[in-house]
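Remarks on the overall topology
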Amino acid sequence: MLRNPIKRLGADLHQATDYRTWREIALELDRVQGFDAWKADDTSEDYDHLLIKERLAQMRALRRRADVRPLVYMLHEGLHGNLANITNPALYDVARVGTKKLIEDYVDEVARCLDYLCAGDFPDFGHDEKILFFKRTGSVFGRSALMLSGGATLGMFHLGVIKALHEHDLLPRVISGSSAGSIIAAMVGVRDDRQLPLIFDPDGLNLRAFQGVSLAHALRGKAVMDATQLESCLAQNIGEETFEQAFERTRRIIGVTVSPAEPHQQGRLLNYLTAPNVFVARGVLASCAVPGVFPPVMLEARDFSGRAVPYMPSKRWVDGTLSSDMPMLRLARLHNVNHYIVSQTNPHIVPFMSDRLPKRGLAPLARELLTSSSRGALALARKHIDPYGGGRALGKLDNLVRQRYSGDINVFPKHTPKQLLRMFANPSSEDIRRFINDGERATWPKLERIRIQTRISRAFESCLMVLKQRRDLQASPRRGLWAVTGR
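Below: a short report on this structure. What you see is a predicted model, and the numbers here were worked out from it, not measured in a lab.

With that out of the way, let us pick up the overall build of the chain. For the chain, the helix and strand inventory stands at 20 helices and 9 strands. Sorting the 487 residues of the chain into buried and exposed places 48% on the buried side.

Laid out in structure tokens, this is it:
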């Protein structure tokens, strides 16, 4: 029997079977360990608490007095994603649930003000001006994206992350995936909120993607797995929609990264803007084409008459992880993303990830110098080695080393040797169930941080959607009457 309450609660936390129970135990642990006092104390060297306190008081007063024009001005001129450094990781590394109460109050007040401006009827702040305000200010503030890494079968962990976020209304609309992550991103992207829970039933999924080929075929095709087996798996789980069709139906913005199979080409992020007519499943097939495991893939698209045709027929594409496991810059340019939630399962990356903040000292400095030296050595070697021989291999290795694999909030599993040995094995229903459970449990400690750091961008998005729907109803009263009455 554990007499120490901290040890007892820690053991209970580890045994929690759902988020509600986990959260209650975590809050009690925060109280026992004195972290409630830390939350209640506004002061900290890690953010400008005086600025946040001042702006909170001003916004609250303006909203209560219904001073709409000054409130709009204040939000427009001073609202951005990391005001006063409130997303500093150090502020979320103390308590198990939440952060400074002042920050939580500030974020909730901003969202409350946005909802107030959206719902209210103001003579000096009309509907068209509201839409313009929410578009411009929301664009300045930015939005969040969920990024799903590669990792072969280990990528089934992403299902648990998606499940936890979806059940708490925290799943971003922008989701990108590479390799195994592209399968999960696509499965989410072709399903609306009513259909999405179906993918969390392990018995309802076909994830038998791996089937070996004969030795002669492997030597001839330079691949050890049968691409038709993976293609059949993707067809059943994703269907035949194009990126544009999936977006128009579900309003989810999914991106799939692919890498070129030949030199003089760049990796691409396929989505409803960059490749609207490309079949989602075909893009995923290319993103999963790990060199040596699956053969390179030619993309296919639906033409203006609805026929399936080759897309860039002279080009072949392979594993998206090679060029861009986490396409942050492209998402920023295309979708105004400036906050990244990363689910990382790559076995060569996860061992180096940690929830703890980097420490200062000689050891971390030595690691950083070693990493920098490795990058420099690879870049130097590329300059002096035949670019069409060993230089291509070095170039791919250099791309892998130089990539950024973490985001603002990171969720990752604890890999075991047994899991690593089964990376390219078809998972059983029990395997998938375990991956989902692991993904959920790894996400629970991050949920409150995600809620806080995405609260304002979610308010912008929902308010703008409401305002546009209201405008469309006003423009089409007959359609609005039909939607309400069914006539």
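Next comes the rest of the description.
So, on to the packing of aromatic side chains. Evaluation of the coordinates by the stated rule reveals 8 aromatic pairs. Ring geometry for Tyr 19 versus Trp 22: centroids 5.9 Å apart, planes at 20°, classification stacked. Of this pair, Tyr 19 and Trp 22 both sit in helix α2 (residues 19-32), 3 residues apart, which is roughly one turn of that helix. An aromatic cluster is defined as three or more aromatic residues linked by ring pairs; in this entry it consists of Phe 125, Phe 133, Phe 134, Phe 141 and Phe 460.

In this structure, Ile 238 and Val 284 are the most contacted members of the largest nonpolar core, which totals 86 residues. Counting residues per element, this core draws most heavily on helix α19 (residues 429-475), which supplies 7 residues. Excluding residues that lie within four positions of it along the chain, Val 284 makes contacts with Ser 182, Ile 183, Ala 186, Leu 234, Ile 238 and Val 256.

Following the criterion strictly, the structure yields 32 salt bridges and no others. Among the ionic pairs, Glu 109 bridges to Arg 63, the shortest N-O distance being 2.7 Å. One end of the pair, Glu 109, is in helix α6 (residues 101-119); the other, Arg 63, is in helix α4 (residues 49-65), with 46 residues separating them in the sequence. There is no split in this pair, since Glu 109 and Arg 63 are both buried. The salt bridge involving Glu 248 is made with Arg 251; its shortest N-O contact spans 3.2 Å. What makes Glu 248 partly exposed here is its relative accessible area of 49%. According to the relative accessible area criterion, Arg 251 is partly exposed, its value standing at 40%. Among the charged side chains, a salt-bridge network with shared partners connects Arg 23, Asp 108, Glu 448, Arg 451 and Arg 455.

On to the environment of Arg 470, then. Of note, Arg 470 is situated in helix α19. Since its relative accessible area comes to 27%, Arg 470 is described here as partly exposed. In sequence terms Arg 470 and His 127 are 343 residues apart; their C-alpha atoms lie 9.0 Å from each other. Apart from the residues lying within four places of it in its own chain, the contact partners of Arg 470 are Cys 118, Ala 119, His 127 and Lys 130.

Helical periodicity: at 3.6 residues per turn, an α-helix aligns residues three or four positions apart in one direction. Listed as buried for helix α15 (residues 328-335) are Met 328, Leu 331 and His 335. Down the axis of α15, the buried set is contained in an arc of 65°. They therefore lie on one face. Within α15, the exposed residues directed more than 90 degrees away from the buried face are Leu 329 and Arg 333. On its buried face, α15 sits against β1 (143-148), β2 (174-178), β3 (253-260), β4 (268-270) and β8 (337-343).

Relative to each other, α4 and α6 sit at 30°, their axes nearing to 10 Å. Considering their axes alone, α4 and α6 lie roughly parallel with respect to each other. The handedness of the crossing between α4 and α6 is left-handed. Residue-level inspection shows His 49, Ile 52, Lys 53, Arg 55, Leu 56, Met 59, Arg 60 and Arg 63 of α4 in contact with α6, the latter providing Leu 102, Asp 105, Tyr 106, Glu 109, Val 110, Arg 112, Cys 113 and Tyr 116. Per-class residue counts for the contact of α4 with α6 are 8 nonpolar, 1 polar and 7 charged.

On to the pairing of strand β6 (residues 308-311), then. Along any regular strand the residues' side chains alternate between the sheet's two faces. Summarising the sheet, strand β5 (residues 299-302) and β6 pair through 4 bridges and their orientation is antiparallel. Of the residues in β6, the one forming a bridge with Leu 299 is Tyr 311. The turn linking β5 back onto β6 is made up of 5 residues, and Gly 306 within it adopts a positive phi angle of 95°.

This next bit is on the side chain of Arg 55. Turning to its location among the elements, Arg 55 is positioned in helix α4. Of the residues examined, Arg 55 reaches a relative accessible area of 9% and is grouped as buried. Looking at Arg 55, its side chain comes within polar contact range of the main-chain oxygen of Met 74, at 3.1 Å. Excluding anything up to four places from it in sequence, Arg 55 contacts Met 74, Glu 77, Gly 78, Leu 79, Leu 83 and Tyr 106.

Here we take up unusual backbone geometry. We note that Asn 85 has phi near 70°; this positive angle belongs to a residue other than glycine. In this model, Arg 251 sits at a positive phi of 65°, which is unusual for a non-glycine residue.

A few words on the side chain of Lys 100. With respect to the helices and strands, the residue Lys 100 is situated in the loop between α5 (68-78) and α6. An unpaired buried charge is present at Lys 100: no salt bridge exists, and Asp 41, the closest side chain of opposite charge, is 4.6 Å distant. Leaving out residues up to four positions away in the same chain, Lys 100 has contacts with Trp 38, Lys 39, Asp 41, Asp 42, Thr 43, Ser 44, Tyr 47 and Leu 91.

So, about the environment of Glu 54. For Glu 54, the location among the structural elements is in helix α4. As a C-alpha pair, Glu 54 and Tyr 106 span 52 residues in sequence and 9.9 Å in three-dimensional space.

Mapped onto the fold, Met 312 is located in the loop between β6 and β7 (317-318). On the basis of relative accessibility, which here comes to 31%, the residue Met 312 falls in the partly exposed class. Taking C-alpha positions, Met 312 is 7.7 Å from Met 298, a pair spaced 14 residues apart along the chain. With sequence-adjacent residues up to four places away left out, Met 312 is seen in contact with Arg 268 and Trp 317.

By the criterion of burial, β1 is predominantly enclosed, with 6 of the 6 residues buried. Across the two faces of β1 the burial is the same, with Arg 143, Ala 145 and Met 147 and Ser 144, Leu 146 and Leu 148 all buried. One ladder, built from 4 bridges, connects β1 with β2; its direction is parallel. From the neighbouring strand, Leu 146 faces β2, where its bridge partner is Ile 175.

What counts and what doesn't
- Residues numbered from 1 in each chain as written.
- Predicted model: local features only at pLDDT ≥ 70, side-chain atom pairs only at ≥ 80, totals over all residues.
- Heavy atoms only, no water.
- Helix = DSSP H or I, 4+ residues; strand = E, 2+ residues; numbered from the N terminus.
- Buried < 20%, exposed > 50% of the residue type's maximum accessible area, 1.4 Å probe, protein only.
- Phe/Tyr/Trp six-rings, centres within 6.5 Å; stacked < 30°, edge-to-face > 60°.
- Core = buried A, V, L, I, M, F, W, Y, C linked by side-chain atoms within 4.5 Å.
- Contact = heavy atoms within 4.5 Å.
- Salt bridge = Lys/Arg side-chain N within 4 Å of Asp/Glu carboxyl O.
- Arc of directions from axis to C-beta.
- Axes fitted to C-alpha atoms, helices over the stretch in contact; angles between N-to-C directions.
- Parallel < 35°, antiparallel > 145°, perpendicular 65-115°, else oblique.
- Left-handed = near helix turned anticlockwise from the far one by under 90°.
- Nonpolar A, V, L, I, M, F, W, Y, C, P; charged D, E, K, R; others polar.
- Pairing = 2+ DSSP bridges.
- Polar contact = N/O pair within 3.5 Å; in protein donor to acceptor, adjacent residues only side chain to side chain.
- Lys, Arg positive; Asp, Glu negative; His and termini not counted.

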